Amino acid sequence: MKRIKAVYPGSFDPPTNGHLDLIERGGKIFDELVVAILRNPEKDPLFSVADRRKMLEQMTAGFDNVSVDTFEGLTVDYALRVEAKAILRGIRAISDYEYELQMALMNRKLQPGLETVFMMPAEKYSYLSSRLVREVAQLGGSIERLVPELVEQKLHEKMDVAHKFANGEQLSGKTPSEGKSKSRKKKA
Ligand code: PNS
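Residues numbered from 1 in each chain as written. Predicted model: local features only at pLDDT ≥ 70, side-chain atom pairs only at ≥ 80, totals over all residues. Heavy atoms only, no water.

## Examining the site of the ligand
Reasoning step 1: Inspection of the region around the ligand gives Pro9, Gly10, Ser11, Leu38, Gly73, Leu74, Thr75, Arg89, Tyr99, Met103, Met106 and Asn107 as its neighbouring residues.
Reasoning step 2: Here an oxygen atom of the ligand and a side-chain polar atom of Ser11 are 2.5 Å apart.
Reasoning step 3: A distance of 2.6 Å separates an oxygen atom of the ligand from a polar side-chain atom of Thr75.
Reasoning step 4: When isolated, the ligand has an accessible area of 540 Å², and the protein chains bury 77% of it.
Reasoning step 5: When residues of the shell around the ligand are traced back to their parent elements, those giving at least two are strand 1 (5-10) and helix 4 (94-110).
Reasoning step 6: Among the elements that take part in the shell around the ligand, helix 4 stands out by supplying four residues, more than any other.
Reasoning step 7: Of the residues contributing to the shell around the ligand, the split by class is six nonpolar, five polar and one charged. (Near = heavy atom within 4 Å. Polar contact = N/O pair within 3.5 Å; in protein donor to acceptor, adjacent residues only side chain to side chain. Areas by Shrake-Rupley, 256 points an atom, 1.4 Å probe, with all protein chains shown as cover. Helix = DSSP H or I, 4+ residues; strand = E, 2+ residues; numbered from the N terminus. Nonpolar A, V, L, I, M, F, W, Y, C, P; charged D, E, K, R; others polar.)

Quick look at the structure:
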């Protein structure tokens, strides 16, 4: 019997309830779904790849056919390596469409045998993005119900460290990298 494996690539910095919603939907239509976190040495993420992996593993522990992995380089090369037939991506609003279309067509050019499958998360997550979650959390707003509790907890821990660092407590043994999230660049 033909089994269809898909890869759901992304930055997941941090993973949100919108991602989880998409994973749940993807897990229902694909036999196997690999959530693949891009290891991008050029970006300055809020969470390390190891942290994001741990969060996603905990979030998806209840899904038998979902696994979490990390990759570097082209998504299509990774998908081929793990013998996936499809790339799953979420489209929230029309504003996502242009970027996603470009990516899907470029991926098709690179690897014509791979299909990109778009799914829509629940409407209540249509405005949700990792970038906004980071921004709201960094500015002290509530991110309740936008991310799983375990992610909320991790974000609060990060913000506490950043606050202490900004308040001059770096002399008490905190490393600069723990405190640098205040000045990080925004990204999608
Ligand atoms: O969660 P994001 O940041 O929107 O995910 C973007 C991601 C990781 C899917 C995209 O940047 C990607 O596929 N990067 C890997 C490099 C690659 O394949 N680039 C060509 C894409 S057409």
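## Remarks on helix 4
Reasoning step 1: Between its first and last C-alpha, helix 4 extends 25 Å over 17 residues, near the 24 Å set by a 1.5 Å rise per residue.
Reasoning step 2: Within helix 4, the axis deviates most sharply at Glu100, by approximately 25°.
Reasoning step 3: When we look at burial in helix 4, the residues that qualify are Asp96, Glu100, Ala104 and Asn107.
Reasoning step 4: Its buried side turned inward, helix 4 meets helix 3 (75-81), strand 4 (86-90) and strand 5 (115-119). (Expected span 1.5 Å × (residues − 1). Bend = angle between axes of the 7 residues up to and from the residue. Buried < 20%, exposed > 50% of the residue type's maximum accessible area, 1.4 Å probe, protein only. Contact = heavy atoms within 4.5 Å.)

## Considerations on the pairing of strand 3 (residues 66-71)
Each regular strand displays side chains that alternate between the two surfaces of the sheet.
Reasoning step 1: Where strand 2 (residues 32-38) lies against strand 3, six bridges are found, and the strand directions are parallel. When the sheet's bridge partners are listed, Ile37 is paired in strand 3 with Thr70.
Reasoning step 2: The handedness of the strand 2 to strand 3 crossover, carried by helix 2 (residues 49-59), is right-handed. (Pairing = 2+ DSSP bridges. Right-handed = clockwise from strand over helix to strand, strands pointing away.)

## Section: the environment of Met120
Reasoning step 1: Relative to the assigned elements, Met120 resides in the loop between strand 5 and helix 5 (130-138).
Reasoning step 2: Residue Met120 is classed as exposed on the basis of its relative accessible area, which comes to 60%.
Reasoning step 3: Spatially, the C-alpha atom of Met120 lies 5.9 Å from that of Arg92, the residues being 28 residues apart in sequence.
Reasoning step 4: Apart from the residues within four sequence positions on either side, Met120 is in contact with Asp21, Leu22, Arg25 and Ile91.

## Remarks on the nonpolar core
Reasoning step 1: Core analysis: the largest hydrophobic core is formed by 31 residues, its most contacted members being Tyr8, Leu33, Val35, Leu56 and Leu155.
Reasoning step 2: Listing elements by their share of this core, those giving two or more residues are strand 1, helix 1 (17-29), strand 2, helix 2, strand 3, strand 4, helix 5 and helix 6 (149-166).
Reasoning step 3: Apart from residues lying up to four places away in sequence, Leu56 is in contact with Phe12, Pro15, Ile23, Val35, Ile37 and Val68.
Reasoning step 4: Val7, Val34, Ala79 and Val82 belong to the second largest nonpolar core, which has 11 residues in total. (Core = buried A, V, L, I, M, F, W, Y, C linked by side-chain atoms within 4.5 Å.)

## A short note on the sheet that holds strand 4
Reasoning step 1: Pairing is parallel in the open sheet, where five strands are placed in the order 3-2-1-4-5. The open sheet is flanked by strand 3 and strand 5, the only strands paired with a single partner. Shown here is a sheet whose adjacent strand axes are inclined to one another by a mean of 30°, direction ignored.
Reasoning step 2: When strand 4 meets strand 5, the two strands line up parallel, connected through five bridges. Following the sheet pairing, Ile87 is matched in strand 5 by Thr116.
Reasoning step 3: Relative to the sheet, helix 2 contacts strand 2 and strand 3, its axis offset from that of strand 2 by approximately 155°.
Reasoning step 4: Against the sheet, helix 4 makes contact with strand 4 and strand 5, and its axis sits at roughly 170° relative to strand 4, the strand it touches most. (Axes fitted to C-alpha atoms, helices over the stretch in contact; angles between N-to-C directions.)

## As for the pattern of salt bridges
Reasoning step 1: The full count for this structure, using the stated rule, is 11 salt bridges.
Reasoning step 2: Across the pair Glu100 and Arg89 runs a salt bridge, and its minimum N-O distance is 2.8 Å. Taken together, the residues Glu100 in helix 4 and Arg89 in strand 4 connect sequence positions 11 residues apart.
Reasoning step 3: Owing to a relative accessible area of 4%, Glu100 belongs among the buried residues under this scheme.
Reasoning step 4: With a relative accessible area of 18%, Arg89 lands in the buried category.
Reasoning step 5: As a salt-bridge pair, Arg131 and Glu135 come within 3.6 Å of each other at their nearest N and O atoms. With Arg131 and Glu135 both in helix 5 and four residues apart, the pair spans about one turn of that helix.
Reasoning step 6: Owing to a relative accessible area of 30%, Arg131 belongs among the partly exposed residues under this scheme.
Reasoning step 7: Among the residues examined, Glu135 registers a relative accessible area of 24% and is labelled partly exposed.
Reasoning step 8: The network of salt bridges with common partners includes Arg53, Glu57 and Asp69. (Salt bridge = Lys/Arg side-chain N within 4 Å of Asp/Glu carboxyl O.)

Just distances and angles here, no functional claims.
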